[in-house]
Amino acid sequence: MSQENVTPDLARERSKATFDVENLAEFMIGGRDRLKRKRFLQNIAIQDPFFKKQKSWAFCSVEEQYDMGLSKSIYIQKKLQEMGITDMQEAFYYRECAAAHENSPLGLHYAMFLPTINKQATPEQKKKWLPLAESYKMIGTYAQTELGHGTFIRGLETRATYDPKTKEFILDSPTLTSMKYWPGCLGKTSNHCVVMAQLYTQGKSHGPHMFMVQIRSMEDHSVLPGIEVGVIGNKFGYGTNDNGFLRFDKLRIPRENMLMRYSQVHEDGTYVKPQNAKLAYGSMVLIRSSIVSDAARGLAQACVISIRYSAVRRQTEAYPGGEEPQILEYQTQQYRLFPLLASAYSLQLAGKYVFNTYLEVNDQIEKGNLESMPELHALSAGLKAFSTYEASAGIEVCRICCGGHGYSQASGLPKIYVDVVPGCTYEGENTVMMLQTARYLMKCYSRAKQGQKLPGFVQYIGQNLNKKSCMSEEIALGCLVMAYEHRAARLVEAAAMRMQSLIQGGKKQHEAWNGSSVQLLWAAKAHCHLFCVKNFVDAIQAKSLSSKTATVMKSVCQLYGVHGILENLGEFMQDGFFSGEQVGYLQRKMLALFEDIRPNAVALVDAFDYPDMVLSSCLGRYDGQVYQALYDYAKSAPMNQTEIHSTYYKHLRPLINPETTSDAMQFAKL
Ligand SMILES: Cc1cc2nc3c(=O)[nH]c(=O)nc-3n(C[C@H](O)[C@H](O)[C@H](O)COP(=O)(O)OP(=O)(O)OC[C@H]3O[C@@H](n4cnc5c(N)ncnc54)[C@H](O)[C@@H]3O)c2cc1C
């Protein structure tokens with residue numbers, strides 16, 4: 001990044017750093033070559049005049065945002081083709097910079113439509129659809145959620161009834177609540193979609209299955225007969241995405257349009273069920289691990305913005321007549337921002353772990369060996385929820401930490417927030433995800449109680465809970481991990497005991513589940529939190545970290561662990577695991593860690609290696625020239641392009657000079 005014009009405050013911060021930023025940036029991305037390649041690709045986007053001339057999305061209407069999003073996505077795709085980039089990770093680096101937080105209206109085509117064909121279609125279906133989808137003749141999305149049901153997939157009402165006479169399925173939306181509602185890229189962009197519908201054949205229902213459905217003409221984009229489709233209207237964010245609704249009126253589609261890799265309907269209507277219903281787990285793990293990384297990235301970017309800005313912003317004389325300190329000097333600012341910085345590192349490492357583990361077991365999944373899947377599936381569901389909650393709440397804190405300017409779109413923070421927060425809902429609502437994880441934990445608990453050995457990471461379940469913490473003034477990483485293991489093991493047991501006592505008291509299984517669900521939620525959260533701490537501790541043992549970087553990362557990791565305990569103290573203290581004295585060690589250590597991290601705070605956010613184009617923030621600029629940037633942003637606002645705004649003639653002039661009312665009436669009629 002250019003060192004030109006960097007404010008003295010940021011230049012001084014960088015010169016004070018005690019570790020090599022490049023070393024940490026390489027570690028986080030997975031090596032020097034990858035970092036170089038990422039920078040090379042992002043630099044192409046940064047230099048491209050096409051992106052430079054784009055209007056700021058913040059000054060656009062939703063329709064303009066959609067238009068701009070589409071034109072950018074198509075341009076980006078062409079560029080990737082021209083550059084011959086087929087590797088997903090490389091395409092991501094380029095797209096991350098070029099799209100700069102713009103949720104692509106073609107996003108679900110890449111993220112869901114193509115992968116669903118790849119994973120769920122037969123070889124013949126792939127041969128037919130993939131060339132069309134890869135060349136954008138077919139543009140598609142994935143339509144599952146309905147107006148009445150999102151979470152409860154078995155409750156979906158869209159029907160696909162097989163007619164053996166014509167060898168077709170009849171797709172129908174029999175009720176108002178059965179219309180598809182929310183799918184991204186559906187309203188105006190897609191001409192096809194994979195639809196999740198209840199399969200009926202030979203008079204029997206076989207549950208939800210996937211069907212390829214053409215909804216618009218591939219010639220002129222007109223909506224096909226039997227289909228009603230449109231956008232759902234403006235949302236909290238996602239202006240570039242045409243989330244839509246879709247209804248079917250007894251639409252007939254060929255039998256071959258059911259995605260038949262795992263289950264089939266024969267010509268005579270005979271249904272063949274999948275060999276293993278858990279085969280869908282693989283795609284879910286993949287998507288959820290990418291959501292963990294997206295959330296981590298959002299939080300990391302918010303930290304870059306708020307920490308750089310806090311190093312530039314000065315406020316309030318420390319003593320009468322004294323210099324105004326950088327707001328980053330305030331301990332309360334450090335208390336709010338540094339744990340979030342630690343969280344951003346932890347979540348990035350967690351996302352990486354789940355993704356890499358998925359890649360390792362993917363071959364086994366394809367061969368139908370799902371042994372390691374339940375653990376990974378439960379972890380990815382919980383982490384998806386844990387990370388999106390943590391990141392959303394953290395981004396909002398980062399925004400508040402920027403004072404008034406954090407509220408301006410110029411800060412980039414509101415946009416990051418609205419991009420990350422729907423991750424709490426899509427691909428499985430967070431509470432429901434946590435309860436899925438809890439279900440797995442309950443199974444593990446009962447196996448542990450029967451004396452069975454548990455796999456890998458869940459071995460802590462069922463451990464002896466009569467221990468006390470080994471924590472000393474030093475705050476050893478091993479004692480931190482032990483504390484998180486103890487808390488998770490205790491909460492898993494407490495939830496299991498509660499379930500058991502409700503059942504023994506005469507409640508039915510589902511009643512006992514609901515009556516224990518708050519405790520189940522606590523247990524699942526503690527499990528995910530433990531994973532993040534343990535994974536962080538393991539990750540920083542990497543040989544590729546220089547000793548100086550490892551020292552700094554140890555402090556960041558300690559802060560992550562210590563702050564997490566202090567924020568959830570009741571859960572760690574309830575059974576007397578920590579003494580009051582030990583809590584004192586933790587509190588003192590947290591304050592000491594703020595002092596340790598303070599000289600490296602800017603370097604630690606620099607190591608995330610986000611160019612200004614990715615951050616799109618006047619406050620988070622690498623050069624720290626925030627005030628000029630805010631002024632330029634204000635000057636570029638459309639309302640500043642005329643001296644007198646049209647509303648003056650419409651509303652203000654008649655108010656100021658009532659005799660001009662008739663003019664106003666004239667104006668209103670125009
Ligand atoms: C921005 C955005 C993009 C989306 N994109 C797509 C898309 O591309 N394709 C698609 O098909 N869908 C999409 N969705 C829909 C999304 O997947 C659903 O909204 C999501 O699955 C949640 O379902 P729901 O809306 O029915 O929530 P509900 O299930 O109605 O949840 C409402 C509340 O009920 C609680 N609840 C529900 N069930 C339980 C339970 N069993 N136990 C305890 N509590 C429960 C939840 O915790 C939540 O608090 C998108 C949604 C958003 C916001």
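Predicted model, so just to flag it, every value in this text is computed and none were measured.

Asks: Describe the overall build of the chain, listing the residues and the values that go with them.
Replies: The helix and strand inventory of the chain stands at 24 helices and 11 strands. On C-alpha atoms alone, the chain measures out to a radius of gyration of 27 Å, which is about the 26 Å that the 2.2 N^0.38 rule sets for 670 residues. For the chain, the spread of C-alpha atoms along the three principal axes comes to 90 × 85 × 55 Å. For the chain, the residues scored as buried account for 42% of the 670 residues in total. Summarising the internal contacts of the chain: among those between residues at least 6 apart in sequence, 74% fall at separations of at least 24.

Asks: So what's going on with the environment of S71? Residues and values would help.
Replies: With respect to the secondary-structure elements, S71 resides in helix α5 (residues 62–82). For the pair S71 and S516, spaced 445 residues apart in sequence, the C-alpha to C-alpha distance is 50 Å.

Asks: So what about the site of the ligand? Which residues, and what values?
Replies: By nearness alone, 20 residues border the ligand, and Q144, T145, G150, T151 and T431 come closest of all. Put simply, the parts of the chain that give the shell around the ligand at least two residues each are β1 (140–143) and α13 (430–449). Among the elements that take part in the shell around the ligand, α13 stands out by supplying 3 residues, more than any other. Of the residues belonging to the shell around the ligand, the class tally is 10 nonpolar, 9 polar and 1 charged. Taken together, domain 2 (122–274) and domain 3 (281–453 + 471–604) each give at least three residues to the shell around the ligand, which thus spans both.

Asks: Describe the packing of helix α16 (residues 517–539) against helix α17 (residues 547–567), listing the residues and the values that go with them.
Replies: α17 packs onto α16 with a crossing angle of 160° between their chain directions and a minimal axis gap of 9 Å. When the interaxial angle is binned, α16 and α17 end up roughly antiparallel. Considering the relative orientation of α16 and α17, their crossing is left-handed. Where α16 approaches α17, its residues H529, V533, F536 and V537 are matched on the opposing element by C557, Y560, G561 and G564.

Asks: How would you sum up the UniProt feature "domain: Acyl-CoA oxidase C-terminal" (unreviewed entry) in the chain? Please name residues and give values.
Replies: Mapped onto this numbering, the UniProt entry annotates "domain: Acyl-CoA oxidase C-terminal" (unreviewed entry) at residues 479–657. Between the end C-alpha atoms of residues 479–657 the distance is 74 Å, and the span holds 73% helix and 0% strand.

Asks: Can you explain the packing of helix α10 (residues 331–366) against α16? Please cite residues and give values.
Replies: It is at 9 Å that the axes of α10 and α16 come closest, and there the two elements cross at 85°. Classified by the interaxial angle, the pair formed by α10 and α16 is roughly perpendicular. Side by side, α10 and α16 meet where S346, L347, L349, A350 and Y353 of the first sit next to F531, C532, N535, F536 and A539 of the second. Of the residues contributing to the contact of α10 with α16, the split by class is 8 nonpolar, 2 polar and no charged.

Asks: How would you sum up the sheet that holds strand β4 (residues 180–181)? Please name residues and give values.
Replies: Spatial ordering of the open sheet is given by β4-β8-β7, a layout of 3 strands whose pairing is antiparallel. The sheet terminates laterally at β4 and β7 (227–231), the two strands that pair on one side only.

Asks: Pulling in residues and values, what's your account of the pairing of β1?
Replies: Neither face of β1 is exposed, since G140 and Y142 on one face and T141 and A143 on the opposite face are all buried. Bridging between β1 and strand β5 (residues 192–201) involves 4 bridges; their strand directions are parallel. When the bridges of β5 are listed, T141 appears paired with C193.

Asks: Can you break down the nonpolar core residue by residue, with the values?
Replies: Counting residues in each nonpolar core, the largest one holds 130 residues, and the members touching the most others are L299, C303, I307, L341, V492, A523 and V556. Here this core gets 16 residues from one element, more than from any other, and that element is helix α9 (residues 281–312). Per-domain counts for this core show at least three residues from each of domain 1 (31–102) and domain 3 (281–453 + 471–604). Sequence-distant contacts of V556, defined by excluding residues within four places in its chain, comprise L341, A342, Y345, I597 and L604. The next biggest cluster of nonpolar side chains, apart from the first, holds 39 residues, and it includes L106, L156, A197 and M212.

Asks: Explain the environment of E102 to me, using residue names and the numbers behind them.
Replies: Here E102 is to be found in the loop between α6 (88–99) and α7 (107–120). For E102, a count of 25 C-beta atoms within 10 Å puts it in the buried group.

Asks: Summarise the confidence of the model for the chain; cite the residues concerned and give the values.
Replies: Confidence along the chain averages 94 in pLDDT terms, with 98% of residues attaining 70 or more. Reported confidence for the predicted complex is 0.98 by ipTM and 0.95 by pTM.

Asks: Help me get a handle on unusual backbone geometry, residues and values and all.
Replies: Unusually for a residue other than glycine, T316 sits at a positive phi of about 70°. Its location among the elements puts T316 in the loop between α9 and α10. Despite not being glycine, S616 has its phi angle at roughly 45°, a positive value. Tracing the chain through its elements places S616 in the loop between α21 (612–615) and α22 (626–635).

Asks: Pulling in residues and values, what's your account of the environment of R247?
Replies: Tracing the sequence through the fold places R247 in strand β8 (residues 244–248). Expressed as a C-alpha distance, the spacing of R247 and M179, which sit 68 residues apart in the sequence, is 5.0 Å. Residue contacts for R247: discarding those within four places in its chain leaves S173, M179 and E228.

Asks: An account of α9 is needed here, citing residue identities and associated values.
Replies: A rise of 1.5 Å per residue sets the reference length of α9, with its 32 residues, at 46 Å; its end C-alpha atoms lie 47 Å apart and thus fit the reference within 8%. Where burial is concerned, most of α9 is hidden: 26 out of the 32 residues are buried.

Asks: Can you lay out the pairing of β8 for me, pointing to particular residues and giving the numbers?
Replies: By the criterion of burial, β8 is predominantly enclosed, with 5 of the 5 residues buried. Alternating residues of β8 divide into G244, L246 and F248 and F245 and R247, and every residue in both groups is buried. When β4 meets β8, the two strands line up antiparallel, connected through 2 bridges. When the sheet's bridge partners are listed, Y181 is paired in β8 with F245. Where β7 and β8 come together, 5 bridges link them in antiparallel fashion. Bridging from a neighbouring strand, E228 pairs with R247 of β8.

Cut-offs and rules
Residues numbered from 1 in each chain as written. Predicted model: local features only at pLDDT ≥ 70, side-chain atom pairs only at ≥ 80, totals over all residues. Helix = DSSP H or I, 4+ residues; strand = E, 2+ residues; numbered from the N terminus. Rg over C-alpha atoms; globule rule 2.2 N^0.38 Å. Buried ≥ 20, exposed ≤ 12 C-beta atoms within 10 Å, placed from the backbone. Contact = placed C-beta atoms within 7 Å. Near = placed C-beta within 6 Å. Nonpolar A, V, L, I, M, F, W, Y, C, P; charged D, E, K, R; others polar. Domains from an automatic or database assignment. Axes fitted to C-alpha atoms, helices over the stretch in contact; angles between N-to-C directions. Parallel < 35°, antiparallel > 145°, perpendicular 65-115°, else oblique. Left-handed = near helix turned anticlockwise from the far one by under 90°. UniProt positions renumbered as here; feature names shortened; annotations may be inferred. Pairing = 2+ DSSP bridges. Core = buried A, V, L, I, M, F, W, Y, C linked by C-beta atoms within 7 Å. pLDDT = per-residue confidence, 0-100. Expected span 1.5 Å × (residues − 1).

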